[in-house]
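Per-entry structural report
Listed below are the residues making up each chain.
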Amino acid sequence: MKRKFKNDLRLIGGILLVAIICFILFFATLEPGDFVQISVNGKAIKSFDLNKNTEFEIVTGENDEQINLLVIENGYAFIKSANCPDKICEHHIKIKNSGETIVCLPHKVVISIESVQYEN
Ligand SMILES: [Zn+2]
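Residues numbered from 1 in each chain as written. Predicted model: local features only at pLDDT ≥ 70, side-chain atom pairs only at ≥ 80, totals over all residues. Heavy atoms only, no water.

**Quick notes on the packing of aromatic side chains**
Counted by the stated rule, this structure contains one aromatic pair. Here Phe-48 and Phe-56 contribute two aromatic rings whose centre-to-centre distance is 5.1 Å and whose plane-to-plane angle is 55°, an arrangement assigned as tilted. Sitting over the face of the ring of Phe-78, Lys-94 holds its NZ or CZ atom 4.7 Å from the ring centroid. (Phe/Tyr/Trp six-rings, centres within 6.5 Å; stacked < 30°, edge-to-face > 60°. Lys NZ or Arg CZ within 6 Å of the ring centre and 35° of its normal.)

The following block contains the structure:
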């Protein structure tokens with residue numbers, strides 16, 4: 001009986017160890033990116049240097065009625081304001097790591113952090 005308990009502990013310890021290693025690997029691969037890529041409707045339209053503070057109005061829609069204000073500040077990118085109905089993009093946390101994205105579904109706008117710059 002005691003022996004079985006010990007084995008259980010070992011199993012739990014093993015699972016925990018694997019979980020911790022996965023956790024560390026996940027965060028170790030998070031690296032700050034260098035560029036902010038803007039895509040509209042799946043097409044890359046513009047990219048910015050993540051290390052230069054700037055503001056850019058992403059204007060989309062048939063009559064240019066959809067607006068997302070992208071702000072790059074101190075190495076972070078975020079949507080400062082948007083006139084989309086759900087405002088999910090506006091409430092998204094600031095992003096800075098390569099591979100992170102902010103998506104505005106209603107406007108079909110994707111902001112992503114990249115480590116390489118694509119052609120504008
Ligand atoms: Zn939005």
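Let's pick the thread back up.
**Description of the pattern of salt bridges**
Here the structure, examined in full by the defined rule, presents two salt bridges. The shortest N-O distance in the salt bridge between Lys-80 and Glu-55 comes to 3.7 Å. Of this pair, Lys-80 sits in strand S5 (residues 76-82) while Glu-55 sits in strand S3 (residues 54-60), placing them 25 residues apart in sequence. Here Lys-87 ties to Glu-90 by a salt bridge, and the two come within 3.3 Å at their closest N and O atoms. (Salt bridge = Lys/Arg side-chain N within 4 Å of Asp/Glu carboxyl O. Helix = DSSP H or I, 4+ residues; strand = E, 2+ residues; numbered from the N terminus.)

**Structural notes on the coordination of the zinc ion**
Six octahedral donors around a metal ideally make angles of 90 or 180 degrees; four tetrahedral donors ideally make 109.5 degrees. Within the first shell, the zinc ion binds the protein through Cys-84 (SG), Cys-89 (SG) and Cys-104 (SG), at distances of 2.2 to 2.3 Å. All donors to the zinc ion come from one chain, and their sequence spacing reads C-x4-C-x14-C. Placement of the pair is Cys-84 in the loop between S5 and helix H2 (88-91) and Cys-104 in strand S6 (residues 101-104), with a sequence separation of 20 residues. On the basis of relative accessibility, which here comes to 2%, the residue Cys-104 falls in the buried class. (Donors = N, O, S within 2.8 Å, 3.2 Å for Na, K, Ca; no water. Buried < 20%, exposed > 50% of the residue type's maximum accessible area, 1.4 Å probe, protein only.)

**Points about the domain arrangement of the protein chain**
Accessible area lost when the parts come together is the quantity often used to give the size of an interface. Looking at the protein chain, the domain boundaries give domain 1 (1-30) and domain 2 (35-114). Summarising the inter-unit geometry, the C-alpha centres of domain 1 and domain 2 are found 39 Å apart. (Domains from an automatic or database assignment.)

**Overview of the sheet that holds S5**
An order of S3-S4-S5 is seen for the three strands of this open sheet, with the pairing classed as antiparallel. The two strands at the open ends of the sheet, each matched to only one other strand, are S3 and S5. If you compare each strand with its neighbour and ignore which way they point, the axes differ by 25° on average. In this sheet, S5 lies alongside strand S4 (residues 66-73) in antiparallel orientation, the contact comprising six bridges. Bridge pairing in S5 places Ile-72 opposite Ala-77. (Pairing = 2+ DSSP bridges. Axes fitted to C-alpha atoms, helices over the stretch in contact; angles between N-to-C directions.)

**Considerations on unusual backbone geometry**
The phi torsion of most residues other than glycine is negative, and most of the peptide bonds are trans. Phi angles above zero are rare outside glycine, and Asn-74 is one such case at about 50°. Looking at the element boundaries, Asn-74 is found in the loop between S4 and S5. The phi angle at Lys-108 is positive, at roughly 55°, despite the residue not being glycine. Mapping Lys-108 onto the fold places it in the loop between S6 and strand S7 (109-114).

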